[in-house]
Amino acid sequence: MNEKVVKSSSSNRTVTLVDNATGREFSFPVISGSVGPDVIDLRNLYQDTGFFTFDPGYTSTGSCESAITFIDGNEGTLLYRGYPIQDLAEHSDFMEACYLLLYGDLPNAEQKRRFEHDITYHTMLHEQMHEFYDGFRRDSHPMAVMVGVVGALSAFYHDSTDITNPRHRMIASYRMIAKMPTIAAWAYKYAIGQPFIYPRNELKYSENFLHMLFANPCEPYVINPVLARALDRILILHADHEQNASTSTVRLAGSSGANPFACIAAGIASLWGPAHGGANEAVLRMLEEIGDKSRVPEYVKRAKDPDDPFRLMGFGHRVYKNYDPRARIMRQTCYEVLDELGVRDEPLLELAMSLENIALDDEFFVKKKLYPNVDFYSGIIFKAMGIPLSMFTVLFAVARTVGWVAQWNEMIEDPTQKIGRPRQLYTGATRREYKLLAQRA
Ligand code: SDX
């Protein structure tokens, strides 16, 4: 499904480490990708030197070789298979972006038609899947339902569980991308006590998703094309983002050969956190807590206080030290959706703009290079579209599924792939003798 991954190039360039305690020197090869920082190949560090690397949070560690997504955090660049996110957001649709991420290039008309057909005809769920929802309280967080129901898919589809078989991987990949909107919409319907709405094959992916979220059996549901286009663009923006926490979770789970649906469930669990995909929900809660522009300075002050755990949700990023290119497009989409819905004066938008302006002028945020990220505006759009707060991260999971699946396939197809197994810096008790209970104080 992916192009051949191992395409890095090694020159004669090396980096030498000197242990000043012993004078020993160790040289390691430098490898270059097609673009971005070169890497020091430390695969043999431990066997050659007896040292581990130590990089909590992997701030300076490349975990794999990938040809899917490139980010330049300083430039604020995001490329899917080399195509700038701005061009894809303007000219592409989510199905085309899915094909691009999975196969490595934009589809021609027939390839796109075929792909959309195949995805469309996998959107239904096995009827028994209904029963998994019934095991949840109605007030469960939809992300808890997503983790459970997607994980349950690993108990079905025994026709495509041989992950070494490319056809099985493709079937599992298509099923995951196709069924995620149905699973997500049903999590919402279950929470509000409405009947599940089945997918309709004549609808496009994002239209179908809106239909399953908001239609009901009592009256026709009319899809707003502006909202469908906005949702489709938002799905494109969230589709992949190189080795973020949830994608790394899927890769690590998949590296043991685990069931692909179970790996995606692990990715959903990681995305749920407020430091990651859960930030879109946390941004709205933060804006609602701030309540008024007059209170913004108070919260900016709190965000700067090292003793206050409060963070400005929707700001900052491990990689982007410039404006997240997705945030710019998201803000433009925000204007379009609010204008279409006639709620341009939405107080939350004004509050968000005020918060952004104050933060971007503040020396603390400038120095730490904290800019709005993809999550800063998405929640305002979702709220305006009538999507409940608790479903915001679910929509992120629907979009990111194609990225997780593409990265999972790339990992399985990588001839250098091994089970992921990091080491540690141990600082616990050294060996000590066991004391019988009677001997303890
Ligand atoms: C996503 O990785 C991805 O690609 C993720 C994602 C994707 O598409 O998959 O882009 C999606 O998760 C976007 C991020 C959503 N999260 C939030 O909006 C939550 C608020 N942001 C922070 O929690 C934080 O910015 C993180 C978690 C996103 C990044 O944290 P890091 O890696 O610690 O950031 P950093 O090292 O660049 O931080 C530099 C400094 C630190 O202070 P010091 O240790 O130097 O004293 O800035 C501080 C941070 O504590 N800081 C903030 C801050 N974000 C970072 N201070 C106040 N408010 C913030 N929002």
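Quick look at the structure, then. Just so you know, these numbers come straight off a predicted model, no measurement behind them.

**Some remarks on the overall build of the protein chain**
1) Next: When you go through the protein chain residue by residue, the secondary structure sums to 18 helices and six strands.
2) Next: Counting only C-alpha atoms and orienting by the principal axes, one finds that the protein chain spans roughly 80 × 65 × 60 Å.
3) Next: Across the 441 residues that make up the protein chain, the buried fraction comes to 47%.
4) Next: A separation of at least 24 residues holds for 70% of the contacts in the protein chain among residues at least 6 apart in sequence.
5) Next: Between the mean site of the 46 positive side-chain charges and the mean site of the 54 negative ones, the protein chain shows a separation of 6 Å.

**Remarks on the packing of aromatic side chains**
1) Next: Here the structure, examined in full by the defined rule, presents 22 aromatic pairs.
2) Next: Seen from their ring centres, Phe115 and Tyr174 are 5.2 Å apart, and the 85 degrees between their planes marks the pair as edge-to-face. Taken together, the residues span a long stretch of sequence, with Phe115 in helix H4 (residues 109–120) and Tyr174 in helix H7 (residues 166–192) at a distance of 59 residues.
3) Next: In this structure Phe115 comes out as buried when scored by relative accessible area, which is 2%.
4) Next: Judged by centre distance (5.6 Å) and plane angle (40 degrees), the rings of Tyr157 and Phe261 are tilted. Placement of Tyr157 in the loop between helix H6 (142–152) and H7 and of Phe261 in helix H11 (residues 260–271) is noted, with a sequence separation of 104 residues between them.
5) Next: For Tyr157, a relative accessible area of 15% gives the class buried.
6) Next: Over the aromatic face of Tyr190 sits the side chain of Arg138, whose NZ or CZ is 4.1 Å from the ring centroid.
7) Next: Over the face of the ring belonging to Tyr323 we find Arg328, whose NZ or CZ atom lies 4.4 Å from the ring centre.

**Focus: the pairing of strand E2 (residues 25–32)**
1) Next: Alignment of E2 against strand E3 (residues 39–40), held across two bridges, turns out to be antiparallel. By the bridge assignment for E3, Val30 is matched with Ile40.
2) Next: Count of turn residues in the E2/E3 antiparallel hairpin: six residues, of which Gly36 carries a positive phi of about 100 degrees.

**Description of the site of the ligand**
1) Next: Contacts to the ligand come from 23 residues, most closely from His241, His317, Arg318, Lys321 and Arg326.
2) Next: At 2.6 Å, a side-chain N or O of His317 approaches an oxygen atom of the ligand.
3) Next: Here the ligand has 1100 Å² of accessible area as a free molecule, and 74% of this is covered by the chains.

**Re the nonpolar core**
1) Next: Counting 122 residues, the largest nonpolar core has Tyr133, Leu312 and Leu355 as its most contacted members.
2) Next: Per element, the largest residue contribution to this core is 14 residues, and it comes from helix H18 (residues 392–413).

**Thoughts on the side chain of Asn280**
1) Next: Inspection of the secondary structure assignment puts Asn280 in helix H12 (residues 279–290).
2) Next: Within the structure, Asn280 has its side chain in polar contact with the backbone oxygen of Phe392 (distance 3.3 Å).
3) Next: If near-sequence neighbours (up to four positions away) are discounted, Asn280 is found in contact with Asp375, Ser378, Gly379, Phe382, Phe392, Thr393 and Phe396.

**Some words on the pattern of salt bridges**
1) Next: Going through the model one piece at a time under the given rule, you end up with 22 salt bridges.
2) Next: Its salt-bridge partner being Arg13, residue Asp38 comes within 2.8 Å of it at the nearest N-O pair. Taken together, the residues span a long stretch of sequence, with Asp38 in the loop between E2 and E3 and Arg13 in strand E1 (residues 9–18) at a distance of 25 residues.
3) Next: We note a salt bridge from Arg137 to Asp139, for which the minimum N-O separation is 2.6 Å.
4) Next: A relative accessible area of 53% means that Asp139 is categorised as exposed.

**Topic: the packing of helix H3 (residues 94–103) against H18**
1) Next: At a minimum axis distance of 9 Å, the contact between H3 and H18 shows a crossing angle of 15 degrees. The angle between the axes of H3 and H18 places the two elements in the roughly parallel class. Once H3 is placed against H18, the crossing between them reads as right-handed. Touching Phe94, Cys98, Leu101 and Leu102 of H3 are Ala399, Val402, Val405 and Ala406, all from H18.
2) Next: Among the residues making up the contact of H3 with H18, the classes are represented as eight nonpolar, no polar and no charged.

Parameters and conventions
Residues numbered from 1 in each chain as written. Predicted model: local features only at pLDDT ≥ 70, side-chain atom pairs only at ≥ 80, totals over all residues. Heavy atoms only, no water. Helix = DSSP H or I, 4+ residues; strand = E, 2+ residues; numbered from the N terminus. Buried < 20%, exposed > 50% of the residue type's maximum accessible area, 1.4 Å probe, protein only. Contact = heavy atoms within 4.5 Å. Lys, Arg positive; Asp, Glu negative; His and termini not counted. Charge placed at Lys NZ, Arg CZ, Asp CG, Glu CD. Phe/Tyr/Trp six-rings, centres within 6.5 Å; stacked < 30°, edge-to-face > 60°. Lys NZ or Arg CZ within 6 Å of the ring centre and 35° of its normal. Pairing = 2+ DSSP bridges. Near = heavy atom within 4 Å. Polar contact = N/O pair within 3.5 Å; in protein donor to acceptor, adjacent residues only side chain to side chain. Areas by Shrake-Rupley, 256 points an atom, 1.4 Å probe, with all protein chains shown as cover. Core = buried A, V, L, I, M, F, W, Y, C linked by side-chain atoms within 4.5 Å. Salt bridge = Lys/Arg side-chain N within 4 Å of Asp/Glu carboxyl O. Axes fitted to C-alpha atoms, helices over the stretch in contact; angles between N-to-C directions. Parallel < 35°, antiparallel > 145°, perpendicular 65-115°, else oblique. Left-handed = near helix turned anticlockwise from the far one by under 90°. Nonpolar A, V, L, I, M, F, W, Y, C, P; charged D, E, K, R; others polar.

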